[in-house]
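# Coordinate analysis (summary)
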Amino acid sequence: MSTSTPELLSSRHGLLEGPVWHPERGLLVADATVGGVWSFRPGAAPALQVANRRGIGGMALHENGGLVVSGRNVAFKPFLDQPDADRTIVLLPNDPANGVVGFNDLVTDAAGRIYVGSLGFRAMDGENLTGPAGFLHLIDLDGSSRIVARDVQLTNGLGFSPDGTRLYHSDSSRHIVKIYDVGDDGSLSPPAVFAETPSGHPDGLAVAEDGCVWLAVAFGHNVCRFAPDGRELERIAFPVPMVTSLCFGGDDMRDLYVVSGSRGAPPEVGACVYKLRTDIAGLVRPVSRVRLPPP
């Protein structure tokens, strides 16, 4: 459970998404409307780490040192202080002719493969939450990709159980979190409903070492914690409605960072970054080991 109330770390942003903890750079967060990936450290102003790119909904660290980011495609981006910082290496392009107009959240498994949800319609800042369904894609270590799940209305948060045998997946416009059994080859079973959020839209999620699922509930003003069997255990209120995503971080992985969008918040507040302490550490998300094609 949580042991503190949310502490505001930063405000007046656009639409914050895809938080990920970097052991050296600290908390990394994308601003989907303003653009770029920013780092947040105590007592310091946000620092730009990846420039320009808008529409990022999910991120993962890569073993080569940069980031895998979503948006109009799934791509590798170096940090600004790395060589060739302005390059973009596409790992999975969009495919509008086959119902893939972009990509939202993503997660890595223990092997370093990438699971990423695609969008069948353009959704930004919660203005439109319904449209053609998208897919869940798996990008394998050799760079090949395949669809592993279908009929996802509005793809969002993804996270694995501690043993890697179950995958949680937010379907926001349907107000449910799905759960899949994961095969050794990365294939997924037909989904079951893990949890429902009738008072808001399930968004980003993170899993703790005890198997509990922490879920951001957009337009619900809260973060919920669910037991591995789907029972709601805790609900933490936030002062802004559009709670978009979260991740664990800190030296002991017991800091829970929560980010938001600006929709519904006062203009002088905008999108925010919050932190609270938890009793149980979060799982460390593995780095991606997907092969990068030559630039």
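See the structure shown above.
Described in the following lines is the structure provided in the data block. (Residues numbered from 1 in each chain as written. Predicted model: local features only at pLDDT ≥ 70, side-chain atom pairs only at ≥ 80, totals over all residues. Heavy atoms only, no water.)

To continue, consider the pattern of salt bridges. In total, this model carries 13 salt bridges according to the counting rule given. Here Arg113 and Asp109 are joined by a salt bridge, their closest N and O atoms 2.7 Å apart. Like Asp109, Arg113 is buried. The salt bridge involving Asp171 is made with Arg174; its shortest N-O contact spans 3.1 Å. For Asp171, a relative accessible area of 0% corresponds to the buried category. Three or more residues joined by partner-sharing salt bridges are found here, namely Asp151, Asp171, Arg174 and Lys178. (Salt bridge = Lys/Arg side-chain N within 4 Å of Asp/Glu carboxyl O. Buried < 20%, exposed > 50% of the residue type's maximum accessible area, 1.4 Å probe, protein only.)

Counting through the fold element by element, Ala192 comes out in strand S17 (residues 192–196). A residue is classified by how much of its surface remains accessible, and Ala192, at 41% relative accessible area, is partly exposed. On a C-alpha basis, the gap between Ala192 and Phe160 in space is 15 Å, while along the polypeptide they are 32 residues apart. (Helix = DSSP H or I, 4+ residues; strand = E, 2+ residues; numbered from the N terminus.)

Let us look at the side chain of Asp171. Structurally, Asp171 can be placed in strand S15 (residues 166–171). In this view, Asp171 contacts Asp151, Val152, Gln153, Leu154, Ile176, Lys178 and Pro202; residues no more than four positions away in its chain are not counted. (Contact = heavy atoms within 4.5 Å.)

Bringing the nonpolar core into the picture now. Trp214, Val223, Phe238, Leu246, Phe248, Leu256 and Val258 are the most contacted members of the largest nonpolar core, which totals 19 residues. Those elements that provide at least two residues to this core are strand S19 (213–218), strand S22 (243–249), strand S23 (255–260) and strand S24 (271–277). Apart from residues no more than four positions distant in its own chain, Phe248 is found in contact with Trp21, Ala206, Val207, Ala208, Trp214, Met253, Asp255, Leu256, Thr278, Ile280, Ala281 and Gly282. Ala60, Ile89, Ile114 and Leu292 belong to the second-largest nonpolar core, a separate cluster that totals 16 residues. (Core = buried A, V, L, I, M, F, W, Y, C linked by side-chain atoms within 4.5 Å.)

Our focus in this paragraph is the state of the cysteines. In this structure the tally under the stated criterion is zero disulfides. You can see Cys224 has no disulfide; the closest cysteine sulfur is in Cys212, sitting 12 Å from it. What makes Cys224 buried here is its relative accessible area of 2%. (Disulfide = S-S within 2.5 Å.)

For the rest of this paragraph, the subject is the environment of Val290. Within the fold, Val290 resides in the segment after S24. Residues contacting Val290, with those up to four places away along its chain left out, are His62, Gly112, Arg113, Ile114, Ile139, Asp140, Leu141 and Gly143.

Before going further, it helps to spend a moment on the environment of Asp140. By the secondary structure assignment, Asp140 is in the loop between strand S12 (134–139) and strand S13 (145–152). Spatially, the C-alpha atoms of Asp140 and Val290 are 6.3 Å apart, while their sequence positions differ by 150 residues. With near-sequence residues (within four places) excluded, Asp140 lies in contact with Arg113, Arg146 and Val290.

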